[in-house]
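A look at the structure
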2 protein chains.
Amino acid sequence: MSEIKQSSTNFSNKLALSDECSEAYASNIIGGQWTLVICSWLLSGKLRFGELKKKLPGITERMLTLQLRKLEENRIISRTVYAEVPPRVEYEVTEIGYALKSVITELEVWGTSHKKLIGE
Amino acid sequence: MSEIKQSSTNFSNKLALSDECSEAYASNIIGGQWTLVICSWLLSGKLRFGELKKKLPGITERMLTLQLRKLEENRIISRTVYAEVPPRVEYEVTEIGYALKSVITELEVWGTSHKKLIGE
DNA sequence: TTAGGTACTATAAATATTGTAAGTAATGAG
DNA sequence: CTCATTACTTACAATATTTATAGTACCTAA
């Protein structure tokens, strides 16, 4: 994440695609390894950092942080810090984040039937 | 593409996610840089390799080939070779490929409204 | 004074994906 | 024989994403 090279061909290709095709644009935003699963969990209610971590076996704290930051940047989730010790931080979906629900549903439907097809 | 390391953490993470979440599974399949755009074009009719290339400014032949192969492996598109010279190869979506239409539509809808929100 | 919980950050390394540049096969047209 | 056309393939280089590991700050409770 972090460092992207704005002079790379890859960067300008992505830019051009995003510009023309909203579906490619969307895919760039929610296409990260853990992104959809995080959103999926948050769609059913706000969660703390540690709670999310438990829901995602295998994720590292760094990855979780990165993905959450990216989601926050894209205004898909909001972050609330409580001034307590030990710290408490809660994440929840915004309105546009909530709107991902139908996307996720369609992906699930399609994924399920694709799995079935391939499994035959 | 080509070489994935089946012993990597990344690989097993993806596997585990795909296994549990159909939306992550779907995302793994259609998450490539050009995948959705290619599908999008093919949804409106079969196209030849060269035609696709023209529709996708910036794609290299290598990338186009790789993406088409992956789509074919995943049975999203089918490939027909005509025994002519110069060669003619046509690609078209399969049934499960056609079912991506609603996914793409939702992504477009969401992408468009997200763009709008961010643009404000 | 020391340990412990929570939500991180820093740095480096490993993997994965994408891009560059060049070449191939087959055959018909000239 | 040579060239053009089409749909690739190959070898390698650059970039992007993900993982590994080890910290940090803060206060509280023992």
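Residues numbered from 1 in each chain as written. Chains lettered and ligands numbered in written order. Predicted model: local features only at pLDDT ≥ 70, side-chain atom pairs only at ≥ 80, totals over all residues. Heavy atoms only, no water.

Section: the relation of the copies chain A and chain B
- Placing chain A over chain B gives an RMSD of 0.1 Å and needs a rotation angle of 180 degrees, together with 0.0 Å of translation along the axis. The superposition operator between the copies reduces to a two-fold rotation axis.
- Interface residue correspondence from chain A to chain B reaches 98%, placing this contact among same-surface, isologous pairings. (Least-squares fit on C-alpha atoms with pLDDT ≥ 70 in both. Contact = heavy atoms within 4.5 Å.)

Details of the protein's contact with DNA strand D
- Not every one of the 29 residues close to DNA strand D is listed here, only the nearest: Arg62(A), Thr9(B), Asn13(B), Glu61(B) and Arg79(B).
- The sugar-phosphate portion of DNA strand D accounts for 74% of its atoms within 4 Å of the protein, the bases making up the rest.
- A distance of 2.5 Å separates a phosphate oxygen of DNA strand D from a polar side-chain atom of Asn13(B).
- The separation between a phosphate oxygen of DNA strand D and a polar side-chain atom of Arg69(B) is 3.4 Å.
- For the surface near DNA strand D, the secondary-structure elements that each account for two or more residues are helix H5 (61-73) of chain A together with helix H1 (9-20), helix H4 (49-55), helix H5 (61-73) and strand S3 (88-93) of chain B.
- If you tally residues by element for the surface near DNA strand D, the top one is H5(B), at 4 residues.
- For the surface near DNA strand D, the class distribution of residues is 10 nonpolar, 10 polar and 9 charged. (Near = heavy atom within 4 Å. Polar contact = N/O pair within 3.5 Å; in protein donor to acceptor, adjacent residues only side chain to side chain. Helix = DSSP H or I, 4+ residues; strand = E, 2+ residues; numbered from the N terminus. Nonpolar A, V, L, I, M, F, W, Y, C, P; charged D, E, K, R; others polar.)

Concerning the sheet that holds strand S2 (residues 77-82) of chain A
Residue and element names in this part refer to chain A.
- In space, the 3 strands of this open sheet follow the order S1-S3-S2, with antiparallel pairing throughout. The open sheet has two free edges, formed respectively by strand S1 (47-48) and S2, since each of these has just one partner strand.
- Here S2 runs beside strand S3 (residues 88-93); their pairing, made up of 6 bridges, is antiparallel. Directly across from Arg79, in S3, lies its bridge partner Tyr91.
- Across the face of the sheet, helix H3 (residues 35-43) comes into contact with S1, S2 and S3 while running at roughly 95 degrees to S3.
- With respect to the sheet, H5 is in contact with S2 and S3, its orientation differing from that of S2 by roughly 115 degrees. (Pairing = 2+ DSSP bridges. Axes fitted to C-alpha atoms, helices over the stretch in contact; angles between N-to-C directions.)

Description of the interface of chain A and chain B
- Taken residue by residue, the interface counts 43 residues in chain A and 42 residues in chain B.
- For the chain A face of the interface with chain B, the top three residues by lost area are Glu23(A), Gln33(A) and Trp110(A), together amounting to 19%.
- Inspection of the chain A/chain B interface yields 18 residue pairs in polar contact (both at pLDDT 80 or more).
- Elements supplying a minimum of two residues to the side of chain A that touches chain B: helix H1 (9-20), helix H2 (22-30), H3 and helix H7 (100-119) of chain A.
- Counted by class, the side of chain A that touches chain B contains 21 nonpolar, 15 polar and 7 charged residues. (Buried area = accessible area lost by both parts, 1.4 Å probe.)

Regarding the sheet that holds S3(B)
All names here are of chain B.
- An order of S1-S3-S2 is seen for the 3 strands of this open sheet, with the pairing classed as antiparallel. The open sheet has two edge strands, strand S1 (47-48) and strand S2 (77-82), and neither has a second partner.
- Sheet strands in contact with helix H3 (residues 35-43) are S1, S2 and S3, and its direction is about 95 degrees off that of S3.
- Each of S2 and S3 is contacted by H5, which is oriented at about 115 degrees to S2, the strand it contacts most.

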